[in-house]
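Per-entry structural report
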Amino acid sequence: MKKNKYVLIGFLVVSTIFLFEYKFLEPRSEMLRESIESRYDTLQKYEYFVKDSGTTEENVEAAINDMKEMEERLIQEKSESLASPKLQSELSVITGKAGLNVLNVKPLAPVKTGKYSSIPIYFEGNGNIKQIGDFLKYVESGDIMIKIDKLSLNITNLQNPRDLKFKIQVSGLMKT
């Protein structure tokens, strides 16, 4: 009888432990695991933002430096009436280097956009496709930032399709 009593007490202790584990410890551990998991995810997000913030500062500084470089390539004249001849001079140098034959140059009215003014110039002439390609290359790498607004190419001689007639409108930007 005493032996059965100890077996019964042992059984009750073991079953109480299992019951305690399944009713209280397991749900609580599941809640703790989910809480730790969500906090870990949040910590990873913060870690990503901290790592990424240095990159963002570098990107902002790079953008500021790019803006300064672009502003150095603007037309540096004081007025729009002086900016147009400056742009014409730059275009004559570029077309001369490219070997294009310019027949007509016409400055157009400046267009104000906020703190900047766009100085447009229209010109036409003739040349071959290589000369026009060189012209575009020189425009891109020139001292002044020039935007090509309109570009029209026509074949002048069907016997020699390399000879082209061009009509180009470009504009340079200046700070007002």
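Below: a short report on this structure. Values in this document were obtained by computation on a predicted structure and should not be read as measured data.

**Things to note about helix α3 (residues 129-140)**
- Look at α3: 17 Å from first C-alpha to last across 12 residues, which is about the 16 Å you get at 1.5 Å a residue.
- Among the residues of α3, I132, D134, F135 and V139 are the ones counted as buried. One side of α3 carries all its buried residues, which in axial view fall inside an arc of 160°. Looking at α3, the residues exposed on the side facing more than 90 degrees away from the buried face are I129, K130 and E140.

**Quick word on the packing of aromatic side chains**
- The full count for this structure, using the stated rule, is two aromatic pairs.
- Residues F123 and F135 carry aromatic rings whose centres are separated by 5.8 Å and whose planes lie at 75° to one another, so their mutual orientation is edge-to-face. Taken together, the residues F123 in strand β3 (residues 116-128) and F135 in helix α3 connect sequence positions 12 residues apart. F135 matches F123 in its accessibility class, with the two residues each being buried.
- Take F123: its relative accessible area is 2%, and that puts it in the buried class.
- Among the aromatic residues, those joined into a ring-pair cluster are F123, F135 and F166.
- The ring centre of Y138 lies 4.8 Å from the NZ or CZ of K97, which sits over that ring.

**Considerations on the pairing of β3**
- Along β3, 10 of the 13 residues are buried, which leaves the element largely enclosed by surrounding structure.
- As defined by bridge partners, strand β1 (residues 101-107) adjoins β3 across six bridges and the pair is classed as antiparallel. Pairing of P107 across the sheet is with I121, part of β3.
- Bridge count for strand β2 (residues 111-113) against β3 is three bridges, and the pairing is antiparallel. Pairing of T113 across the sheet is with Y116, part of β3.

**Details of the environment of R162**
- Position of R162 relative to the elements: it lies in the loop between β4 (146-155) and β5 (163-175).
- Considered as a pair, R162 and G127 are 35 residues apart in the sequence and their alpha carbons are 8.2 Å apart.
- Among all residues touching R162, those that are not within four sequence positions of it are G127, N128 and I129.

**Here we look at the environment of I148**
- Residue placement: I148 occurs in strand β4.
- Expressed as a C-alpha distance, the spacing of I148 and V7, which sit 141 residues apart in the sequence, is 97 Å.

**Remarks on the packing of helix α2 (residues 80-98) against α3**
- Contact pair α2 / α3: the axes reach a minimum separation of 8 Å and the direction vectors enclose 140°. Of the possible angle classes, the one that applies to α2 and α3 is oblique. Viewed along their axes, α2 and α3 form a crossing whose handedness is right-handed. Side by side, α2 and α3 meet where L91, I94, T95, K97 and A98 of the first sit next to Q131, D134, F135, Y138 and V139 of the second.
- Looking at the contact of α2 with α3 residue by residue, the classes come out as six nonpolar, two polar and two charged.

**A short note on the pattern of salt bridges**
- This model, assessed by the stated rule, comprises five salt bridges.
- Where R33 meets E37, a salt bridge forms, and the shortest distance between an N and an O atom there is 3.2 Å. Note that R33 and E37 are positioned in helix α1 (residues 2-72) at a spacing of four residues, about one turn of the helix.
- The class for R33 is partly exposed, based on a relative accessible area of 41%.
- Two residues, K147 and D149, come together in a salt bridge whose shortest N-O distance is 3.4 Å.
- Looking at K147, the relative accessible area reads 53%, which means it is exposed.

Rules used throughout
- Residues numbered from 1 in each chain as written.
- Predicted model: local features only at pLDDT ≥ 70, side-chain atom pairs only at ≥ 80, totals over all residues.
- Heavy atoms only, no water.
- Helix = DSSP H or I, 4+ residues; strand = E, 2+ residues; numbered from the N terminus.
- Expected span 1.5 Å × (residues − 1).
- Buried < 20%, exposed > 50% of the residue type's maximum accessible area, 1.4 Å probe, protein only.
- Arc of directions from axis to C-beta.
- Phe/Tyr/Trp six-rings, centres within 6.5 Å; stacked < 30°, edge-to-face > 60°.
- Lys NZ or Arg CZ within 6 Å of the ring centre and 35° of its normal.
- Pairing = 2+ DSSP bridges.
- Contact = heavy atoms within 4.5 Å.
- Axes fitted to C-alpha atoms, helices over the stretch in contact; angles between N-to-C directions.
- Parallel < 35°, antiparallel > 145°, perpendicular 65-115°, else oblique.
- Left-handed = near helix turned anticlockwise from the far one by under 90°.
- Nonpolar A, V, L, I, M, F, W, Y, C, P; charged D, E, K, R; others polar.
- Salt bridge = Lys/Arg side-chain N within 4 Å of Asp/Glu carboxyl O.

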